[in-house]
Amino acid sequence: KVFNSANSLAQCVQVCKRLALAHEMYSLKFMDVSRTLRMEAQLFEHLSSKDQITARYYRVFFLGQGLPAHLRGKSFVYRSGSAHKLISVGEFTQQIKGFFAGAKVVNSTDPPSLKLVRTALTENLKWRDFELRKELKKVQKDLTRSDKDDENLLQVKLEEISKALAELNSGKCAAVLTSQSGDECERKQAETSEVERIVRESPFLKLIQITTLTVSNTKEMEGKEHHLRLVDATMRHKRYHQENNIEVFMYTRVMKPSSASVLAYCKDRKCTVPEAPADKRNEYRDLWVQRNYVIVQQPMPAVRRRVPIKASAQTMCTPLHNAIITLKDKNEEMKSAVLAAKESDDNNDLVPLTQNLSGVIDAAVAGGIANYISAFFDGTYLDSMPHEEPRIADFKEALEHQLEILNKGLQVFHSKLENNQKLKPLFDHLNKSYSKMVVQLAKGILKRRGSKIIKT
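My aim in this report is to walk through the structure given alongside it, one point at a time. (Residues numbered from 1 in each chain as written. Predicted model: local features only at pLDDT ≥ 70, side-chain atom pairs only at ≥ 80, totals over all residues. Heavy atoms only, no water.)

**A closer look at the overall build of the protein**
Per the secondary structure count, the protein includes 17 helices and 7 strands. Looking at the 456 residues of the protein, the share that counts as buried comes to 41%. A sequence separation of at least 24 residues applies to 74% of the contacts in the protein between residues at least 6 apart. Total accessible area computed for the protein in this model is approximately 26400 Å², and 52% of it derives from carbon and sulfur atoms. (Helix = DSSP H or I, 4+ residues; strand = E, 2+ residues; numbered from the N terminus. Buried < 20%, exposed > 50% of the residue type's maximum accessible area, 1.4 Å probe, protein only. Contact = heavy atoms within 4.5 Å. Areas by Shrake-Rupley, 256 points an atom, 1.4 Å probe, with all protein chains shown as cover.)

Structure representation (structure tokens):
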């Protein structure tokens, strides 16, 4: 009943399985086994026929001596929303602000910088100064007090706040920010040391960082492919496994090609960052992504909305590797849309299919393929990144798979036109553009595999 009231049907199924086993093997109440199995069957029918509201997850990092002692320097994964309503990251941020008055709450994927910590401390001090002055006025107006102890105590606290603000604006940390001496690595080390000093010494700092998370798994964290990708099923069915008993979450950071992390990656692999002429910059070629994984102490969703993070890991995705991941994720989304439209007679299920077909085919014909060619097949990318050569085959295989899914999607779309004649112009446009896309790929990236593509 608890899980059902929270709309956690996957957890209800697991409880039913355990109850049925207990009734069959231990209590020997076979009628209860029958009732439990019928309840489980109803839950599976509901999961199969209706999309479930899935929770959103956020990583929340607490920094500063002004926060409660049991939270300082710790990170948690929070589950937001209710059984029937999702809340946005803005609403979740406001909820966190309500719990921690005066705290600086930011939405970011980057580690706290010196500039952010100083800004947060300044705001924390000003808020504390305002609260103390308000309390002082209240004490001064209270004529029933016969002594001045409370008033004197507040005056002392206000002097401490004023002193801390003055030190913050003219102290050591300001010199670190304005210093231009030394290389980038030395400046980073100086900033890190100053952040640690402020966190250690200031009793007023209250900084909370919120990062939106996506559901991941151990296979993805290890760079392997999850077995569910090979299963032809809609996302509605796959979510039953993907969003139940979650132990690994992930968030990404887009890195500049000149960043220290990218340069360290290239140094370890004895390669160089691929460069292109200034007038031929390519977004795919410059897209370095750091994937950050967090592992929680207890699988989610759980009874508690907040679970501590016990470990974390990072991987760097090169531009080519990121392009492959993007292609595979899009293929997975399109495959789900094709299956949903094929199995349903509801016209609303055609919307995700037509949106996915239009998004992929129109983008490819309008220059997407040319961008891939200039990014990875101009003859210079592999010169800079020779260890990436085996991934070229993976990239081409993902493109071929995408063409196959598009072909199946167009076939399903065509089969639904009998009851949707208004969509025929859109189908004709997509079919014509798809033919152009196939020819472009057969003459370009996949020219050695052209016969296979034309047949598709």
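**A look at the environment of Ala 20**
Tracing the backbone shows Ala 20 in helix α2 (residues 9-27). The buried category is assigned to Ala 20, whose relative accessible area is 7%. In this structure the C-alpha to C-alpha distance between Ala 20 and Leu 37, which are 17 residues apart in sequence, comes to 6.8 Å. Those residues within four positions of Ala 20 in sequence are excluded, and the remaining contacts are Val 33, Thr 36 and Leu 37.

**Brief notes about the packing of helix α15 (residues 389-415) against helix α16 (residues 424-443)**
Two elements in contact, α15 and α16, have axes separated by 11 Å at closest approach and are oriented at 160°. In this view, α15 runs roughly antiparallel relative to α16, as classed from their interaxial angle. In this structure, α15 crosses over α16, and the sense of that crossing is left-handed. Note on element contacts: α16 touches α15 through Leu 426, Phe 427, Leu 430, Asn 431, Tyr 434, Met 437, Val 438 and Leu 441, opposite Leu 399, Gln 402, Leu 403, Leu 406, Asn 407, Leu 410, Phe 413 and His 414. When grouped by side-chain class, the residues that make up the contact of α15 with α16 number 12 nonpolar, 4 polar and no charged. (Axes fitted to C-alpha atoms, helices over the stretch in contact; angles between N-to-C directions. Parallel < 35°, antiparallel > 145°, perpendicular 65-115°, else oblique. Left-handed = near helix turned anticlockwise from the far one by under 90°. Nonpolar A, V, L, I, M, F, W, Y, C, P; charged D, E, K, R; others polar.)

**A look at the packing of aromatic side chains**
Using the criterion set out here, one finds 12 aromatic pairs in the structure. Taking 5.1 Å as the distance between ring centres and 75° as the angle between the ring planes, the aromatic pair formed by Tyr 372 and Phe 395 counts as edge-to-face. Here Phe 395 lies in helix α15 and Tyr 372 lies in helix α13 (residues 350-376), a separation of 23 residues in the sequence. Phe 395 matches Tyr 372 in its accessibility class, with the two residues each being buried. Against the face of Phe 76 rests Arg 306, its NZ or CZ located 4.6 Å from the ring centre. (Phe/Tyr/Trp six-rings, centres within 6.5 Å; stacked < 30°, edge-to-face > 60°. Lys NZ or Arg CZ within 6 Å of the ring centre and 35° of its normal.)

**Let's talk about α16**
With 20 residues, α16 ought to run about 28 Å at 1.5 Å a step, and its terminal C-alpha atoms sit 29 Å apart, in line with that. Among the residues of α16, Phe 427, Leu 430, Ser 433, Tyr 434, Met 437, Val 438, Leu 441 and Ala 442 are the ones counted as buried. (Expected span 1.5 Å × (residues − 1).)

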